[in-house]
Every structure is written in C-alpha cells, then in structure tokens.
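# Observations on the model geometry
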Amino acid sequence: SVGNKIPRDPKYAVINSKDIDYFRSILKDPNQILTDKDDVDPFNCDWMKKFKGNSQLVVKPKTTEQVSKILSYCNEKKIAVVPQGGNTGLVGGSVPVHDEIILSLANMSKVESFDPITGVVTVQAGCILENIENYLVPLGYTVPIDLGAKGSCQIGGNASTNAGGIRLLRYGSLHGSILGVEAVLADGTVLDCLSTLRKDNTGYDLKQLFIGSEGTLGVITKLSFITPPKPTSVNVALFSCHSFDRVQQVLIRAKKQLGDILSAFEFMDRPCIDLVLKHQAGTREPFDDSTPFYVLMETSGFNEVHDGEKLSSFLESIMGDELIVDGSVATDSKNMTSFWKLRETITESLGKEGATYKYDLSLPIDQFYQLVAVMREKLDGKALVYGFGHVGDGNLHLNISTPNQSYSKDMLDMIEPFVYEYTSKHRGSISAEHGIGAMKSQHLHFSKSDPAIHLMKSIKHAMDPNNILNPYKVLPQ
Ligand code: FAD
Ligand code: 2HG
Ligand code: ZN
C-alpha cells in the first residue's frame, strides 16, 4: 500500500472461530464463506494493486435477509465490515484497510423486474453493469450509465460511488436516474426505499444518502432506476486539435448544434494516444499528423437521416473555421469500437506501465488543461503526465506515471498536496466521480468546509454509531 496507513482501531473485535461458525449457520451453502488465504487474497487487493488489506474472511450473502443477519451480528460484536461490489474502484474504498470482514455482493445478481411502459428496472445490487445492459437491449432500452469497467463493476458499486462515466453528459448523474434503494443499515434494519415512482416528495429523500456514500452508511441490496429507450442511430467521431482552446470551441458548438443527440464528448491528450498504441493490440494511429489534443464525440438519436444532417452541418462548421486538424466519423460498428478503444483502454494501459498516481478532478474549464501543463513543468521529466477525461462534464483524469517503478513517498510528496491545493484554489472538486475511499479521506477538507464535514460525521454517527461500516474511509480520522 501507499502512504501511511491509519492505525487499526482496537475497539473492533478480531474475528474468531465462533464468529465463523455463526456465519456458516446463517449462510448454509459452504461456497458463501471464504476463509482460505488463497481464496480471500483477491478480495483484499484493489484493481490497481495499490491498496491491500488483511481480511481473513469473505461472506457472500444471497438475500437481503442474510445481509441483515450478518450486519446485525457484526454490529453487536463490533466487527468491522467492508461492502465489496466488482472491486473496480480506484480510490481503495472496496478493500479492507486492516482485518475488516469483506461482504461481497457477487451472489446477489438477479434482475428482478422491468416495466416496459415506464422503463423502470429493479435489480439486486450485485448485478454486473454489462449484464443489465444485455438484459435491456433486446427490450429496446439501455442503462443510463456506461464506463470502461462495465464488464466487472456492479450496479450497487456504481450507486455507492455515484459513478459518472461516458453517458453522464446525456443522461445525468445516478442521483437523478435512481428512483429507489433497498439498503441494510449497520444494525441490520432493512430500509425499504425501493420506490419505482418518478416523483415522490414525501420529506427527506433518504435513498440519496446511499448514493455516493461508498458503503459507509449502509449496504445497498436492491435498486430501481429509470432506463432510457436505446438510441437506434449512433455516430462516433474522432477529432484532433492543435490547442485545448480549440477543444473548448468544438465542445461549445457540439452542444449548440447537436443539442439532444450529443451523447459523449471525451478528451485525451497525445501522450494518452501513444500509451494506448503501445499497449493495446489492434489499435492504430488515427490520423496522418500527430497533434497534441484529441476528442471522441458520440451522437445518439432515433432518426438516422435527421441525425446525419445535424452531424454534417456541425462537421462543416468546425472544419470551416479550422477548429480541428483532422476528423473521422466511424461508419460501422467495428470502427466505432476501435475509436472507443482509444479512449476506454487508457486506464488499463496506464496499469501496464507501472506505478500511477491518479487524480480525478472537477475543474473550471479554463483550468482544465492548465493543471496538466503545470504538473509537467513541476515534475520536469521525473514522471510522465497524462491528461484525459470527461471534458463535457468538466472532469479531468490527471494521471502521473512512473514506468517500471513502484509507488514512492518522494514522488507522492512532489504531487500532493499541491494538486489538491490547486484544485481547491480554483474551487474544483478533489473527486469528480471516483469517490474518496481510503485515498483521499484525509484530504476531504480541500473540497468540503468544516461545517459540511461536521454534518457528514453526524449523519454517519446517527446511522452507524459503532462505525462498523467501511471504517477508515471517506471521513477524516
Ligand atoms: P467496488 O469497487 O467494489 O466498491 C466501490 C465502493 O462502493 C466501495 O467503497 C465499496 O465499499 C462500496 N460498495 C460496493 N458495493 C456496495 C453495495 N452494494 N452497498 C454499499 N456499498 C457498496 N468510475 C467512474 O465514475 N467513471 C468511469 O468512467 C470509470 N471508469 C473506470 C474504468 C476502469 C477501467 C476502471 C477499473 C474503473 C473505472 N471507474 C470509473 C471506477 C469504478 O469502476 C467505479 O467507481 C464503479 O462504480 C465501482 O463499482 P464496483 O462494483 O467495482 O464497486
Ligand atoms: C475513465 O474515465 C475512468 O476512464 C478512469 O474514470 C480514469 O484512470 C483514470 O484515471
Ligand atoms: Zn472517468
């Protein structure tokens, strides 16, 4: 692991054989309990192999009732618990810091119901995002969220991190799409807020507390959310630009001229393209000339002719004013996939290089690329700096990579707290979409005021007085 770990809080119990016997008695199927080191190890380690815990036990409930019994017991015995979905999180929130037991939602993966009139789907929290998409597509609907980790991440994990991704520009955040949540509270109480209503203003909107709280306030067991009809006419285009200022001009025109059919506007700098070309078989240089900036844009609509006309006049406008150097529109699904691959495999490619320091920031658009340039100057060749992200949402993924090296305190000190201070000074957010987890809990103050942190702590205390749910995460110690 990187940096100094927060010491283990001695108030938590160390699990013993009696506890394991109890879990066996409620979970019945022996496959629902993992205690062998080799079986538990993958659950102790995060996707980046950066955060490692030391849990001795994974429990894999199949029902809400089983989750309730597990938590009620843990609460009574003061056993700390980490809820875990697909374990694709990028801030160390999904793995234990010390010996917290791991509650995996992997066995709760059923789609429960779908209403073809409202488009509302109700699912168990452990459903893998891509499986929900595959369920919906034949019915003419689609999930309102999409991200590179779709083949492994679970909808409960997406909700718990309030994941953003590449469709947020079009469909908004999960705070808007999710209509209902069933969650189990720390003491085992099952909270049924599993509404499927579009409108429900009956006091505090409690389900919102579980969206984005990273498993610190309850375990989400079921969710309902609104799904949009699946667009039938999709275009994907790739552009190259000389300057970031031109990228912004293209974005403004895309919003104004494409309006409701604009469904993604993603950005990557040239080092990202070089990186993907190096690590991903089957990718190739997109244009004759290399330029410093690239944009991947998608339109999604329901009328091919109408969408095609809009796209053509938009392309004419940006080419006519020389906002782009090169541009290409994918004509078939194979080309679309290869364009998307240039964007969606950046994270995986960074992982292949070596230790990567990841920052997921919201910044005002005029500061968006400035920070990348500032970091390059500051690090002066000691590390490689990559800038990409959801520019249409003001979300920069700043990645600093040290090929063939392991994580080092010296490098970390060159980056932090500078990046957070810079972000805070420009009134940005130190986590746009990945959450706080273990990585940023001590830095929360850069984006939240003291009264806001105080209120967060009060809510946590009211809902989990023994602090058994995902301790050492999100809130500063
Ligand atoms: P996990 O990683 O298992 O858990 C994440 C957090 O949620 C943890 O704190 C965990 O305790 C909690 N949790 C999980 N399930 C539950 C539950 N049922 N109840 C309560 N708490 C729970 N993120 C984005 O926002 N946008 C992106 O575009 C994006 N792209 C990615 C691309 C790649 C290649 C990778 C590896 C990751 C990407 N991520 C992205 C980050 C990550 O995939 C998301 O944060 C995702 O939502 C995590 O889901 P998960 O099921 O893997 O959750
Ligand atoms: C993405 O948008 C993800 O690809 C991951 O949020 C970003 O690796 C990252 O920093
Ligand atoms: Zn992202």
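Residues numbered from 1 in each chain as written. Chains lettered and ligands numbered in written order. Predicted model: local features only at pLDDT ≥ 70, side-chain atom pairs only at ≥ 80, totals over all residues.

## Describing the domain arrangement of the protein
Condition: Domain segmentation is taken from an automatic or database assignment of domains. Residue pairs are scored as contacts if the distance between their C-beta atoms, which are placed from the backbone, is within 7 Å. Here the term charged refers only to Asp, Glu, Lys and Arg, the term nonpolar to Ala, Val, Leu, Ile, Met, Phe, Trp, Tyr, Cys and Pro, and the term polar to all other amino acids, Gly among them.
What the domain assignment lists for the protein is domain 1 (111–226), domain 2 (233–344) and domain 3 (347–434). Between the C-alpha centres of domain 1 and domain 3 there is a distance of 29 Å. Taken together, the seven residues of domain 1 in the interface contact eight residues of domain 3. When the residues that make up the side of domain 1 that touches domain 3 are grouped by side-chain class, the tally is four nonpolar, three polar and no charged.

## Notes on the sheet that holds strand E1 (residues 33–34)
Applicable threshold: Here, a strand pair is defined by DSSP locating no fewer than two bridges between the strands. Per the convention used, a helix needs a DSSP run of H or I reaching at least four residues, while a strand needs a run of E reaching at least two, with both numbered from the N terminus.
Strand order in this open sheet of four strands is E1-E2-E4-E3, and the pairing throughout is mixed. Sheet topology places E1 and strand E3 (81–84) at the edges, where each strand pairs with a single neighbour. As paired strands, E3 and strand E4 (residues 101–104) are joined by four bridges and run parallel to one another. Bridged to Val82 within E4 is Ile102.

## What about the site of ligand 1?
For clarity, the threshold we go by: In this analysis a residue is considered near a molecule or strand if the C-beta atom, reconstructed from its backbone, is found within 6 Å of that molecule or strand.
Around ligand 1, 37 residues are found, and the nearest of them are Gly85, Gly89, Gly156, Gly157 and Gly215. Mapped onto the shell around ligand 1, the elements with two or more residues apiece are E3, helix H5 (155–161), strand E9 (219–226) and helix H13 (346–353). The element best represented in the shell around ligand 1 is H5, accounting for five residues. Grouping the constituent residues of the shell around ligand 1 by class yields 12 nonpolar, 22 polar and three charged. Two domains each put at least three residues into the shell around ligand 1: domain 1 (111–226) and domain 3 (347–434).

## A closer look at the UniProt feature "domain: FAD-binding PCMH-type" (unreviewed entry) in the protein
Condition: UniProt positions are given in the numbering used here, feature names are shortened, and annotations may be inferred rather than shown by experiment.
Feature annotation in UniProt assigns "domain: FAD-binding PCMH-type" (unreviewed entry) to the following positions: residues 51–230. Secondary structure over residues 51–230 splits into 23% helix and 22% strand, and the C-alpha atoms at its two ends are 37 Å apart.

## Considerations on the sheet that holds strand E13 (residues 326–329)
Definition in use: Think of each axis as a best-fit line through the C-alpha atoms, taken over the contacting stretch in the case of a helix, with angles from 0 to 180 degrees between the N-to-C directions.
Strand order in the open sheet formed by seven strands is E13-E10-E12-E11-E15-E16-E14, and the pairing between neighbours is antiparallel. Lying at the two open borders of the sheet, with one neighbouring strand each, are E13 and strand E14 (354–362). Geometrically, the sheet is characterised by an average inter-axis angle of 15° between neighbouring strands, direction not taken into account. Note that strand E11 (residues 262–269) and strand E12 (residues 293–301) share seven bridges and pair antiparallel. From the neighbouring strand, Asp269 faces E12, where its bridge partner is Phe293. Sitting on the sheet, helix H12 (residues 333–344) touches strand E10 (233–241), E11 and E12, and the angle it makes with E10 is about 50°.

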